[in-house]
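# What the coordinates show
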Amino acid sequence: MNNVVIAENLGKCYGSLRALNGISFAIREGECCGFLGHNGAGKTTTMRMIYGLSTVDEGRLTIFGRPVRLTPPAIKSLIGIVPQEDNLDPDLNVLENLEVYGGLFGLRRREARERARDLLALMGLEDKTHAKVNELSGGLKRRLVIARALINRPRLVVLDEPTTGLDPQARHLVWQKLRALKSEGVTLVLTTHYMEEAAQLCDRLLVMHEGAILAEGSPRQLVERHTLPWAIEVLVLLDAIPAGLADKVAAAGGEALQVVDGLFLYATDGEDMWRRLDGWGVPPHACFLRPSNLEDVFLKLTGKGEED
Ligand SMILES: Nc1ncnc2c1ncn2[C@@H]1O[C@H](COP(=O)(O)OP(=O)(O)O)[C@@H](O)[C@H]1O
Ligand SMILES: [Mg+2]
């Protein structure tokens, strides 16, 4: 399988702040690869280097087989960009936003218009063709930015938090469009701090924290490797939790994890641990047993859960 992007020991400092701490990863052709992390983890910094808005000062970045320091226009023309902040032109209507962007890639007016109309249809924005950008909801704006990212028929699309701030309905619509893109063979790289988005869309995830990659794998592999299969959420106030509970859980082969004021118990055999709760002084009626998921992995790896 071909790698579209290869990063080796990529580092970045902003003054005295070390935003990226020598990360290495590869993005394979045709996959949807997700960077998962809290605010400040270094996701946007990484994306901006890939799409050529930030220089590679440390380490090596190879895009479409070519080592780059600042991704040059010839390679940028193979990439579609959905930046974290929508940067649509408010003075132009929906169609014009796409046409003008197409012009930046050297498309003739007529071709830009044809592509723009096709993309508006693809993203379900046809009835907004002549609307002003400021009249669009957050979800529609996001879909327009995705449409715009496709005007140059990119082979790689980089999406920085494609659905942050959208309501669940709008988010599902964006996911549907991204799945359609992927089925056409476009390679997708996205960042998110939504576990559900990561689980629903991504073939492979890189968990980032404080400028480093902590884990890599498919959503399922991450759950299998980094947490026990069952989780019990203990829904009581922390000061009502019996002393020494974590030790008892550990002695039973499980793990206890406190995240701010929440307590999670992990077990290989969830029902077995459930039956022990009463004896440990934890009222089972205040507990909830469920299979472990990506959120558990994320909380365990990045700890605390204090940000966001
Ligand atoms: N242009 C910049 N100047 C100074 N610090 C920056 C700049 N861009 C990002 N940072 C800092 O670098 C770190 C990583 O930021 P970023 O890559 O935006 O993380 P994320 O996208 O995961 O939230 C943060 O601490 C952020 O404040
Ligand atoms: Mg960011």
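Residues numbered from 1 in each chain as written. Chains lettered and ligands numbered in written order. Predicted model: local features only at pLDDT ≥ 70, side-chain atom pairs only at ≥ 80, totals over all residues.

Our next topic: the overall build of the protein. Scanning the protein for helices and strands turns up eleven helices and 14 strands. The principal-axis extent of the C-alpha atoms belonging to the protein is close to 75 × 45 × 35 Å. For the protein, buried positions account for 39% of its 308 residues. Counting only contacts in the protein whose residues sit at least 6 apart along the sequence, the fraction spanning at least 24 positions is 69%. (Helix = DSSP H or I, 4+ residues; strand = E, 2+ residues; numbered from the N terminus. Buried ≥ 20, exposed ≤ 12 C-beta atoms within 10 Å, placed from the backbone. Contact = placed C-beta atoms within 7 Å.)

Ala147 and Val158 are the most contacted members of the largest nonpolar core, which has 66 residues in total. Ranked by residues supplied to this core, first place goes to helix H5 (residues 138–149) with six residues. Excluding its chain neighbours within four sequence positions, the residues that come into contact with Val158 are Met47, Ile50, Tyr51, Ile79, Ile81, Val82 and Val189. Residues Ile232, Val234, Leu263 and Leu265 belong to the second largest nonpolar core, which totals 13 residues. (Core = buried A, V, L, I, M, F, W, Y, C linked by C-beta atoms within 7 Å.)

Peptide bonds are trans in most cases, and residues, glycine excluded, mostly fall at negative phi. Positive phi, close to 50°, is recorded for Arg153, a residue that is not glycine. Mapped onto the elements, Arg153 comes out in the loop between H5 and strand S7 (156–160).

Here the focus is the packing of helix H3 (residues 94–104) against H5. Across the interface, H3 lies against H5 with an axial gap of 9 Å and an inter-helix angle of 30°. Accordingly, the angle class assigned to the pair H3 and H5 is roughly parallel. H3 and H5 meet at a crossing whose hand is right-handed. Of the residues in H5, those touching H3 at Val94, Asn97, Leu98 and Tyr101 are Leu144, Ala147 and Arg148. Partitioned by chemical class, the residues of the contact of H3 with H5 number five nonpolar, one polar and one charged. (Axes fitted to C-alpha atoms, helices over the stretch in contact; angles between N-to-C directions. Parallel < 35°, antiparallel > 145°, perpendicular 65-115°, else oblique. Left-handed = near helix turned anticlockwise from the far one by under 90°. Nonpolar A, V, L, I, M, F, W, Y, C, P; charged D, E, K, R; others polar.)

Turning our eyes to something else, we now look at helix H11 (residues 294–302). The element H11 is largely enclosed, with a buried count of seven among its nine residues. For H11, the complete set of buried residues consists of Leu294, Asp296, Val297, Phe298, Leu299, Lys300 and Thr302. A positive phi of about 65° marks Gly303, the residue just after H11.

So, on to the environment of Gly65. Considering the arrangement of structural elements, one finds Gly65 in the loop between strand S4 (58–63) and strand S5 (66–68). Expressed as a C-alpha distance, the spacing of Gly65 and Val5, which sit 60 residues apart in the sequence, is 7.7 Å.

The next point concerns the sheet that holds strand S3 (residues 32–36). Spatial ordering of the open sheet is given by S6-S7-S8-S3-S9-S10, a layout of six strands whose pairing is mixed. Two strands lie at the open edges of the sheet, namely strand S6 (79–82) and strand S10 (212–217), each paired on one side alone. Ignoring strand direction, the axes of neighbouring strands in this sheet form an average angle of 15°. As judged from the five bridges shared by S3 and strand S8 (residues 187–192), these two strands associate in the parallel manner. (Pairing = 2+ DSSP bridges.)

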